[in-house]
Amino acid sequence: AIALLALPAVFGLKKSPAIRKLNDAQDEYDAEVDEYEFLQNYEQVYMTCDSSMKVVNQEGEYEYGAVVTRFCPNGVTCDKDGKKKCEGGYGDYVVGIQTYMEQFMEQFERRQEQQNQYNQNNGEDEEEFDFNFAEFGECKEFNVENQNNQDGYDEEQEEVAYFIGPKCSEGDISIALFTDEDCKYESVDVTFKDLTGVDLPWSNSIIEDEDCTPYYCYGANENGEYEYNDFCTQVYEQANLKCEENMESYSPYGQTVSGCETIAAMLPSSSGGAAGVFFIILLVAAVVGFGIWYFLQQKKKSAVSQEGLMM
């Protein structure tokens, strides 16, 4: 049956009018529908990362580490610790750590540009940076040329390649120096300061600095024109796993729930990922229950035995 369906394409035969009509109708629908329209109702909230997960991005390359990010209904509030709270109606997505951070850093750079423009308009000093923010989001080789005049620099290290990229540790993301092109193995013996004389930006945490910053998926740009935020559209397009079962509005092509079980296991229990904790509770309860039952059975047997001896 598959070979027969492929015949028109192989031999250049004309498609039937019915098939052409269906294809035309689908093309017309795809052209008219706004697949991102549902994103107008959401803003993006970082949830956690997992350094043990290896994912394949759209370029077919491995990323060693994954991020769980959440699309929450607009109007997210922050708690007393400055953490965003998302009560319900959300969707969860998993992307590679570099895929996420490239978009994250582009947002950060855009905010810095807007802040500098504001400072300039108000006669305040602009913040100057001598690096490209977006490059910190992906694993890139660090050029150590002309850095050998720094104290403690070993000339034998000239041929050693170092890389800078995002690192996941205990659910948080920072920027680190690595010894491999996949940013999998962090440099231990040599630090960024050894090579440059200055500390590496965001070597402690980058997410905490932006915890309560809103990332709306739809809004006005610097020209006052409304548009979708690439941070959201790119995450949505490139997500390796999706869990949209709680979303009240979603893609016109339907909800995706195939990743819900895996994502629930990745999330902290306080963030809606209570499946693992619930399982442990059930397991402990089962073990305790079995122990009590076994104790009572042994006690019963002992009582019977003693009664037989007395007879």
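The structure presented is a predicted model; accordingly, all values stated were derived computationally and were not measured.

Student: Could you clarify how one ought to interpret the environment of K83 in this entry?
Tutor: Positionally, K83 belongs in the loop between β3 (77–78) and β4 (84–85). Judged by its relative accessible area of 36%, K83 is partly exposed. Along the primary structure K83 and C212 are separated by 129 residues, whereas in three dimensions their C-alpha atoms are 6.1 Å apart.

Student: What is the right way to read the nonpolar core from this model?
Tutor: Soluble globular proteins: nonpolar side chains tend toward being buried together. With 40 residues, the main nonpolar core has Y100, F104 and I173 as its most contacted residues. Listed by contribution, the elements that provide at least two residues to this core are β1 (42–56), β2 (62–73), β5 (91–96), α3 (97–121), β7 (162–169), β8 (172–178), α4 (192–196) and α5 (230–238). Sort the elements by how many residues they give to this core and α3 lands first, with six residues. Contacts of Y100, omitting those with residues within four sequence positions, involve Q44, Y46, V67, T69, V95, I173, I207, F231 and V235. V55, A66, V68 and Y90 belong to the second largest nonpolar core, which has 16 residues in total.

Student: Explain the sheet that holds strand β6 (residues 140–142) to me, please; I cannot follow it from the model alone.
Tutor: The strands making up a sheet associate through hydrogen bonds between their backbones, and the pairing can be parallel or antiparallel. Taken in spatial order, the three strands of this open sheet run β6-β7-β8, and their pairing is antiparallel. This sheet does not close on itself; its edge strands, each paired only once, are β6 and β8. Within this sheet the neighbouring strands show an average axis-to-axis angle of 40°, counted without direction. For β7 and β8, the ladder comprises seven bridges, and the chain directions are antiparallel. Paired with C168 across the bridge in β8 is I173.

The rules behind each value
- Every chain's residues receive numbers from 1 upward, in the order its sequence appears when written.
- The predicted nature of this model means local features are confined to residues of pLDDT at least 70 and side-chain atom pairs, given and counted, to a pLDDT of 80 or more, with totals for whole chains, interfaces and linings taken over all residues.
- Remark: hydrogens and water are excluded; side-chain values derive from all non-hydrogen atoms of the structure.
- For helices the rule is a DSSP run of H or I covering at least 4 residues; for strands it is a run of E covering at least 2, with both sets numbered from the N terminus onward.
- Categorising residues by exposure relies on relative accessible area from a 1.4 Å probe, with only protein chains included: less than 20% of the type maximum marks a residue as buried, more than 50% marks it as exposed, and the intermediate range marks it as partly exposed.
- The criterion is simple. A nonpolar core is a set of buried Ala, Val, Leu, Ile, Met, Phe, Trp, Tyr and Cys residues joined through side-chain atoms within 4.5 Å.
- We call two residues in contact when some of their heavy atoms are within 4.5 Å.
- Each pair of strands is called paired provided DSSP finds at least two bridges between the two strands.
- For helices, the axis comes from a line fit to the C-alpha atoms of the stretch in contact; other axes are also lines fit to C-alpha atoms, and the angle between any two N-to-C directions lies between 0 and 180 degrees.

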